[in-house]
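So the chains spell out like this:
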Amino acid sequence: MRAVILIGGKGTRLRPFTIDTPKPLLPVLNRPFLHYQFEILRAHGIKDVILCTGYQSAAFRRSLGSGRASGVRLRYVVEREPLGTGGALKNAELLLASGEPFLVLNGDVLNTLDIAAFLRHHKKQDASVTIALTKVKDPTLYGLVKTDLSGRIREFLEKPSWDEIEANTINAGAYIFDPSVLAQIPGGVPFSLERQLFPHLVASGSRVFAFVSAGYWIDIGTVERYRRVHLDILGGHTPFKPSGSRKGRLLMGSGVKVGKELTYGGGPGTIVLGPGTTVGDFVRFSGSVCVGPRCAIGKGAWLADCVVLEGTRVGDGARLERCVVGAGCRIGAQAALTEDAALAGGSEVRSFSLL
Ligand code: GDD
Ligand code: MG
């Protein structure tokens, strides 16, 4: 089976980080996010992957190339103007001409979906489209899906308001399509799978079925969730294993140097230190922390449940608490970044600042 990944969005809810890097390439535990999707696809024997790009298209080719290093064969489709999720898929039609059902994934979702069972379900129901569902507490942020007892979808409501909510099952951002459905999408114009195609298919009686997946699921599209995916992986809530050599709670890349008397708090957790990073004496870590490659953490700094991207310098005694710090930042001594701070790449925070 082939897979199409939709990666052309601007990632506005994950600014400032998506200004420099498109969302699906942002590092998660120091690897581009898409590598995790490739890992899941490869585990199910899917190697033929079509990437529908738009925003910062060239960055994907630069980072991922032919895909050989990731064990997949990548082909790129580029939109000059954003075509929406449906228009993007239509744009890839020529590469999907084999007549076989194909998989479509949103490029910002980590989902330990059983793809083989998903495909079996699709075939058994003889569906036009099968949509993977997951359960969330706040469906207003997603596409609400209502099904009947047979699992057939009766309503698809993108970003519903609270008074429209009667279920907690949402579109998990993974679909299996019968290729004949592509004929229902107009070519070369913006078109939405969620706001146009799916409601239309449901209303016109097409066989649209749900496949409820119980695995780990997250959409990394906000700063809070981007940070959370790191903590979830480091907390062992997913099947993914971060790499590095372990020493107590530290997981270190090559060339890492750590000072003396480091202390740890905040229950169990793992501290990832990217290659070439240095950590000064008396640094305190709490919970799980991910520090990117070539960073420098000053003496006596305190880092709790935070993510620090490549090449950032954190001054002596600075405090980073439940925040995300972009690449190449300079944080002065004794400065403090607190809950939900999101510091754009290249920022300078002067000593003693409180953010
Ligand atoms: N090529 C291309 N062109 N890709 C696009 C475009 C476009 O114009 N617009 C969005 N995408 C890609 C994004 O890059 C992302 O990977 C994916 O489509 C979904 O877009 P988001 O902007 O992240 O959508 P969302 O999170 O608000 O909602 C979607 O995902 C939810 C699950 O995470 C919808 O599919 C919801 O129904 C769903 O519940
Ligand atoms: Mg999203």
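Quick caveat: nothing in here was measured; it's all calculated off a predicted structure. (Residues numbered from 1 in each chain as written. Chains lettered and ligands numbered in written order. Predicted model: local features only at pLDDT ≥ 70, side-chain atom pairs only at ≥ 80, totals over all residues. Heavy atoms only, no water.)

**Some thoughts on helix α5 (residues 115–124)**
Given 3.6 residues to a turn, an α-helix orients residues that are three or four positions apart in the same direction. Among all positions in α5, only Ile115, Ala117, Phe118, Leu119 and His122 are buried. The inward-facing, buried residues of α5 abut α2 (33–43), β6 (102–106), β8 (129–135), β11 (169–177) and β12 (208–212). Of the residues that open α5, the one with a side-chain oxygen 3.2 Å from the backbone nitrogen of Ala116 is Asp114. Just downstream of α5 lies Asp126, where phi reads positive at about 50°. (Buried < 20%, exposed > 50% of the residue type's maximum accessible area, 1.4 Å probe, protein only. Helix = DSSP H or I, 4+ residues; strand = E, 2+ residues; numbered from the N terminus. Contact = heavy atoms within 4.5 Å. Polar contact = N/O pair within 3.5 Å; in protein donor to acceptor, adjacent residues only side chain to side chain.)

**Considering the sheet that holds strand β16 (residues 257–258)**
Here six strands make up an open sheet; going across it, the order is β16-β19-β22-β25-β28-β31 and the pairing parallel. Taken across any chain shown, the strands that pair with only one partner, and hence form the sheet edges, are β16 and β31 (348–349). Pairing analysis gives two bridges linking strand β19 (residues 278–279) to strand β22 (residues 296–297), with the strands arranged parallel. The residue of β22 that forms the bridge with Thr278 is Ala296. (Pairing = 2+ DSSP bridges.)

**Let's talk about the site of ligand 1**
Near ligand 1 you find 27 residues, and of these Glu79, Glu158, Asn171, Glu194 and Asp219 are the closest. Backbone polar atom of Cys52 to a nitrogen atom of ligand 1: 3.0 Å apart, as the coordinates give it. At 3.0 Å from an oxygen atom of ligand 1 is found a side-chain nitrogen or oxygen belonging to Asn106. Burial of ligand 1 by the surrounding chains reaches 90%, relative to a free accessible area of 740 Å². Taken atom by atom, the bulk of ligand 1 overlaps the largest pocket. (Near = heavy atom within 4 Å. Areas by Shrake-Rupley, 256 points an atom, 1.4 Å probe, with all protein chains shown as cover. 1 Å grid on protein atoms, 1.4 Å probe; cavity = no way out; pocket = protein on both sides within 12 Å on 5 of 7 lines; lining within 4 Å. Sits in = over half its atoms within 2 Å of the grid points.)

**Let's talk about the coordination of the magnesium ion (ligand 2)**
Protein coordination at the magnesium ion (ligand 2): the donors are Asp108 (OD) and Asp219 (OD), at 2.1 to 2.2 Å from the metal. Within this pair, whereas Asp108 is found in the loop between β6 and β7 (109–111), its partner Asp219 is found in strand β13 (residues 217–219), the two being separated by 111 residues in sequence. (Donors = N, O, S within 2.8 Å, 3.2 Å for Na, K, Ca; no water.)

**Side note on the pairing of strand β5 (residues 73–78)**
By the bridge criterion, six bridges tie strand β4 (residues 48–53) to β5 in an arrangement that is parallel. By the bridge assignment for β5, Val49 is matched with Leu74. For the crossover that starts at β4, traverses helix α3 (residues 57–64) and ends in the parallel β5, the hand is right-handed. (Right-handed = clockwise from strand over helix to strand, strands pointing away.)

**Some words on empty space enclosed by the protein**
Using the criterion set out here, one finds one cavity of 30 Å³ or more in the structure. When its volume is computed, the largest cavity comes out at roughly 110 Å³. Lining the largest cavity are Gln37, Ile40, Leu41, Leu105, Asn106, Val109, Asn111, Leu113, Ile115, Gly173 and Ala174. For the lining of the largest cavity, the secondary structure elements donating two or more residues are α2, β6, β7 and β11. When residues in the lining of the largest cavity are grouped by element, the largest group, three residues, is from α2. Of the residues contributing to the lining of the largest cavity, the split by class is seven nonpolar, four polar and no charged. (Points joined across faces, edges and corners; volume = space filled by probe spheres on them. Nonpolar A, V, L, I, M, F, W, Y, C, P; charged D, E, K, R; others polar.)

**Quick notes on the sheet that holds strand β29 (residues 336–337)**
Read across the open sheet, the five strands follow the order β17-β20-β23-β26-β29; overall the sheet is parallel. Strand pairing shows two members of the sheet lacking a second neighbour, β17 (263–265) and β29, which therefore form its edges. Pairing analysis gives three bridges linking strand β20 (residues 284–286) to strand β23 (residues 302–304), with the strands arranged parallel. Bridge assignment links Phe285 to a residue of β23, and that residue is Leu303.

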